[in-house]
Amino acid sequence: MLNSRALLTLCAVLSLSLIPLGCSDEVTDTDTGTTSDSGDPGDSGDPGDSSDPGDSGDPGDSGDADTTVDDGGDPDADADAGPSTPTDPVDDPDRFACAGEYQLICDDVCTSPKTDPDNCGGCGITCGENEACSGGFCLEECRPGENVCDRECVAFQTDNNNCGGCGIACGEGEGCVESACVPALAFEEPAFCAGGGPPVRFDEVNDDLCSGDVAEETFRWAMCICSDARFTAGMNTDAFDSREGPYLPGSLGGSVGANSEFNTNSANDIGGSVWVGPGGSLGWNAAQNDIRGELHVGGISANSSNTTTVAENAFIAQEISGSFVIDKTLTIPNSGTIGGGITYGNLVRDPVSVAPPCGCEEDERVPVEALVARRATFNDNDAIGLESDAMMDGSVRRLELPCGQYYLDGINTAGEVVIHSTGRSAIFIGGDINAGRLVIKASPDAELDVFIDGAINAAGMELGSPNYPANTRFYISGERLQITSDVLVGGFIYVYPGRVQIVDNVEIFGGIFANEVQITAPVSIHYDRQVQRSGEVCEIPVEEPDTDPDPADPDPDAGDTDPDPDPDAGDTDPDPDAGNPDAGDTDPDPEPVCSSLDEACSSSGDCCAPLSCEEGFCGTAACRTATQSCVYNSDCCSGMCARSGDSGICIVG
C-alpha cells in the first residue's frame, strides 16, 4: 500500500512540475482505498544485517501468501473441492474498477497513464502532436519494434488496430500476427470482468492463494538460483520502477541470490546486493567486479582472485580472501579468517548467519503442476466458450482473453502465435508449447499469470512488455527454458525444477527465479521493483462483506467481526501469525513475518531479503540523499527526484 509519507512527498514534488506524474483526489483507486500514484520513498535503505538468523529476512516467508496449495491429489475431485467456475459473478463489479497496477481515475474515467497521451504519467499531462505516450513518458521516439500512431506507441506486428501500419485494423474474427490479420479467437467479456475483474485466486477452498501475493513473494530478486549457477559470461543488473515510468539507466537495485555455489569467470556489475546461502560460497575470478549493495555469504568462503568492490556492508560467515574493497563495515565471526588483500571501512567481530535467499524448499515452491492439474477441471472456459484444444491444430494463431482463469491442453503451430490478455487473468497450459515464435503479453491495465506444465519449443519468444513487466508472470515446470537473441522478456519468469539457459547476449526487463541458471553470453537484467507491490490488488475482497451485526455468531462467514476471538468460543482458525498453540495454531514457533516494499520498518532485519530499511521504510537499495543523482522518486531518501531532461537530483521538500 502507498504510505502517507510517500503520498505527501509525491504531492510536494509534483508541485515543482518537473516530473510527469499526477497527484490529486483523482488518482485514488475506487473502492479499494489504494492509490495508483508512483511516489515511492520507501525504496531505500541499508540492506539487512544478517548477524541474526531472524534478521536475514528470509524471502520465503513474507506473510503475503502461502505458496502451497492443497490440490486434493486428484484434479477430478468432487464438488466439495470447489466450484467448476473459479471466477464467480459478483454483486458489485464496479468495485474492481481502476484497481490495476498501472491505472488512474482522471475526470471520473479509469485510464492507463502508461499509454494515454492525454494523461501520460498523470492526470492532465498531455503529449504533443509529435510525441507518444510510452511507459508514462511523452517521447518523440518509441522503443525499438514500436512506432508512433496517434500519439501512442504501437507494435505493427501485433496491434489489432494498427496491423502492419497506422490505422490498419483487423476485422471481426481476425487478429494481428506478424503484421498481418489472421484468424483469431476473441470472446465477449463476462459480467465478472467489469473494471478488469476480481483478483486471481487459485484456491477455492481457502480462498487464500492470490496471484499478486505469489508474485510479490517469489520475485524479490533480479535473479535467484536454487542450486547450480554456472556463469562463463558476465551479468549486469540494475532496477527501475515501472509505476513511475519506463526503464532508464542509473537506478540502483537488482539483487542476486544463490542458495548454493555462485561462481563466475567474467565481470559482474550488480546494482543491488549479493546473497549466498549457508550451503554455498562465492568465487569470482574476473578482473573487476562491482557489488553496489551489500555482500552476504553464509557458506565456507568469499573469494575474489581480482578486485571486487562492495559499496555497502559485507557479512561473511567464515572466510574472506583474495581482493575485496568493502567501503563500509565487514562483519565476520571471531573464528573467521580475513585474507591479506581485504580492505574495509570498519571491522565488527560478531556471529553471521545468512538464510537461504531463494525459497526452494518443497513448501516454498510455487506448485505449478498442481495448479495446472486443478484448472484442467475447474476453470472459466465455459463462461466464454473456450475449448481446451483450441490452439492445438495450428488453425488459430491469435487468442484474445478477457479476465478469468482458463485452461489449454497445449499450443501447436508452425508459425508465430500471439496470446493477449485484456483483464486480470491466468492461463494454465497442461502440455508442451510448440511454435515458430511465441508472443504472450497483457495490456498495460491488465494482469496476466501463465502456468506451463510442459516444455517451450520455440525459435523466438516475446514475453510481456519492457514498459510494465510487473503485470506479466510466467511459471514453468519444464526441463529447460532457453533464452536466445530472438527473445524479449518484459516480465518475471519462474522455472522449477528446470534450468534457465542464456546462450546469447540478451536484455531482460523483470527478473528470473530458477532451480539452475547457465549463462554463456552477457546478460543485462533490469529489475522492476513494482512487482513487489503486486499483492496490493489481493486486498480487494472477492465477496461482499457480510453485515450481520451479531458479534456472538461463531461462524466467520456469518459476520463475526470480533478482532480478537475467544479460541474457546468455536473459532478454530485464529491468526496464523499469532503463534499461540493453545488457540489452534499447531506451529508453536512460527517464523517471523517480514515486511515488503514500502512497508514500515525499524531495522533491516524487519524487511524481507534483499530489502533494506532506511528512513523507516523497506526498499530495494540504499536511498540517495539531497543533491545526489536520481532517476525515480523512489531512488531518493526524501521520495523526491527533480528531473530535467535526461538527469535528476534528489531534493528535500
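These remarks concern the structure in this document.

Reading the values: rules and limits
Numbering of residues starts from 1 in every chain and runs along the sequence as written. Totals for whole chains, interfaces and linings use all residues, but because this is a predicted model, local features are given only for residues with pLDDT of at least 70 and pairs of side-chain atoms are given and counted only at 80 or more. To obtain the side-chain values, all non-hydrogen atoms of the structure were used and water was disregarded. Disulfides are defined in this document as cysteine sulfur pairs within 2.5 Å. Helix and strand definitions follow DSSP, with helices as H or I runs of at least four residues and strands as E runs of at least two, each counted in order from the N terminus. Relative accessibility thresholds used throughout: buried, under 20% of the residue-type maximum; exposed, over 50%; partly exposed, between the two (1.4 Å probe, protein chains only). Stacked, tilted and edge-to-face pairs are distinguished by plane angle, under 30 degrees for stacked and over 60 for edge-to-face with tilted covering the rest, among Phe, Tyr and Trp rings (Trp via its six-membered ring) whose centres lie within 6.5 Å. By definition here, charges over rings are those cases where NZ of Lys or CZ of Arg is within 6 Å of the ring centre and within 35 degrees of the ring normal. The salt bridge criterion pairs a side-chain nitrogen of Lys or Arg with a carboxyl oxygen of Asp or Glu, the two atoms within 4 Å. Without a salt bridge and with relative accessible area above 30%, a residue can belong to a patch; like charges are then joined within 9 Å and nonpolar side chains (Val, Leu, Ile, Met, Phe, Trp, Tyr) within 5 Å. In short, Shrake-Rupley with a 1.4 Å probe defines the accessible areas, and a residue's cover is counted only from the protein chains shown. In this tally Asp and Glu are treated as negative and Lys and Arg as positive; neither His nor the chain ends contributes. Charge coordinates come from a single atom per side chain, which is NZ of Lys, CZ of Arg, CG of Asp or CD of Glu. We define a nonpolar core as any set of buried Ala, Val, Leu, Ile, Met, Phe, Trp, Tyr and Cys residues linked to one another through side-chain atoms lying within 4.5 Å. Contacts between residues were defined by any pair of non-hydrogen atoms, one from each residue, lying within 4.5 Å. One requirement defines pairing of two strands: DSSP has to find at least two bridges between them. Any residue with an atom within 4 Å of a point lines the site, the site being either a cavity, points on a 1 Å grid over the protein atoms alone where a 1.4 Å probe fits but cannot get out, or a pocket, an open set with protein on both sides within 12 Å along at least 5 of 7 lines. Grid points are joined across faces, edges and corners, and a volume is the space filled by probe spheres set on the points. Amino acids are sorted into nonpolar (Ala, Val, Leu, Ile, Met, Phe, Trp, Tyr, Cys and Pro), charged (Asp, Glu, Lys and Arg) and polar (every other residue, Gly among them).

**So, the state of the cysteines**
Two cysteines, two sulfur atoms, one covalent bond between them: this is a disulfide. Scanning the model with the defined rule gives 17 disulfides in all. Note that C623 is cross-linked by a disulfide to C637, the S-S spacing being 1.9 Å. Judged by the sign of its S-S torsion, about 90°, the bond between C623 and C637 is right-handed. Taken as a pair, C623 in the loop between strand 39 (617-619) and strand 40 (641-644) and C637 in the loop between strand 39 and strand 40 lie far apart in primary sequence, 14 residues in all. Grouping residues by exposure puts C623 and C637 together as buried.

**Brief notes about the packing of aromatic side chains**
One pass over the full model with this rule turns up 14 aromatic pairs. Among the aromatic residues, those joined into a ring-pair cluster are F202, F219, F428, F451, Y475, F492, Y494, F513 and Y527. Just above the ring of F428 sits the side chain of R375; from NZ or CZ to the centre is 5.8 Å.

**What to know about the pattern of salt bridges**
Oppositely charged side chains can pair when the atoms bearing their charge come close. In the structure shown here, the tally under the stated rule is 17 salt bridges. Linking E462 and R437 is a salt bridge whose minimum nitrogen-to-oxygen distance equals 3.7 Å. Of this pair, E462 sits in strand 32 (residues 456-464) while R437 sits in strand 30 (residues 433-442), and the two are 25 residues apart along the sequence. No difference in accessibility class separates E462 from R437, as the two residues are buried. Linked through salt bridges whose partners overlap, the residues forming this network are D241, R529, R533, D598 and D635.

**Observations regarding a negative patch on the surface**
A contiguous patch of negative charge on the surface is contributed by D382, E387, D389, D393 and D409. Position of D389 among the secondary structure elements: in the loop between helix 4 (381-384) and strand 25 (398-401). Of the residues examined, D389 reaches a relative accessible area of 44% and is grouped as partly exposed.

**Concerning the nonpolar core**
The biggest cluster of nonpolar side chains holds 109 residues, and the ones touching the most others in it are M223, M235, F262, L282 and L295. A per-element tally of this core places strand 35 (residues 487-502) first, with nine residues. In this view, M235 contacts M223, V256, F262, A267, N268, D269, I270, I519, V523 and I525; residues no more than four positions away in its chain are not counted. Listed in part, the six residues of the second largest apolar core include L597, C607, C613 and C618.

**Topic: helix 3 (residues 368-375)**
Most of helix 3 is tucked away, with six of its eight residues classed as buried. The complete set of buried residues in helix 3 reads V368, A370, L371, V372, R374 and R375. Close packing links the buried residues of helix 3 with strand 26 (404-408), strand 29 (424-429), strand 31 (447-452), strand 33 (472-476) and strand 35.

**Topic: the pairing of strand 25**
Going residue by residue along strand 25, you find R398 and E400 tucked away on one face and L399 and L401 tucked away on the opposite face as well. With two bridges joining them, strand 9 (residues 180-185) and strand 25 adopt parallel strand pairing. Pairing of A184 across the sheet is with R398, part of strand 25. Pairing of strand 25 with strand 28 (residues 416-421) involves four bridges; the strand directions are parallel. Residue L399 lies in a different strand from strand 28, and its bridge partner there is I419.

**Notes on the pairing of strand 8 (residues 174-177)**
Relative to strand 9, strand 8 runs antiparallel, the two sharing four bridges. Looking at strand 9, one finds that C176 is bridged to C181. Following strand 8, the chain reverses through two residues before pairing antiparallel with strand 9; E178 in that reversal takes a positive phi of roughly 55°.

**Here's the deal with helix 2 (residues 211-218)**
Taking burial as the measure, the eight residues of helix 2 include eight buried ones, the bulk of the element. Within helix 2, burial applies to S211, G212, D213, V214, A215, E216, E217 and T218.

**Description of the layout of surface pockets**
Considering only enclosed or pocket space, the second largest pocket measures out at about 880 Å³ in volume. Along its surface, the second largest pocket is lined by 32 residues, and C153, V154, A155, D159 and Y468 are the ones closest to its centre. Elements with a contribution of two residues or more to the lining of the second largest pocket: strand 4 (132-134), strand 7 (152-154), strand 25 and strand 30. Partitioned by chemical class, the residues of the lining of the second largest pocket number 10 nonpolar, 12 polar and 10 charged.

**Description of unusual backbone geometry**
Note on backbone geometry: most residues besides glycine have negative phi, and most peptide bonds are trans. Here the amide bond leading from Y496 into P497 is cis, since omega sits at 10°, within 30 degrees of zero. Mapped onto the fold, P497 is located in strand 35. Of note, the amide linkage connecting A609 to P610 takes the cis form, showing an omega dihedral of 5°. Here P610 is to be found in the loop between strand 37 (523-528) and strand 38 (612-614). The backbone phi angle of D108 is positive, close to 65°, even though this residue is not glycine. Structurally, the position occupied by D108 is in the loop between strand 2 (104-106) and strand 3 (109-111). A positive phi angle, close to 60°, is found at E615, a residue other than glycine. With respect to the secondary-structure elements, E615 resides in the loop between strand 38 and strand 39. E615 sits in the partly exposed class, given a relative accessible area of 47%.

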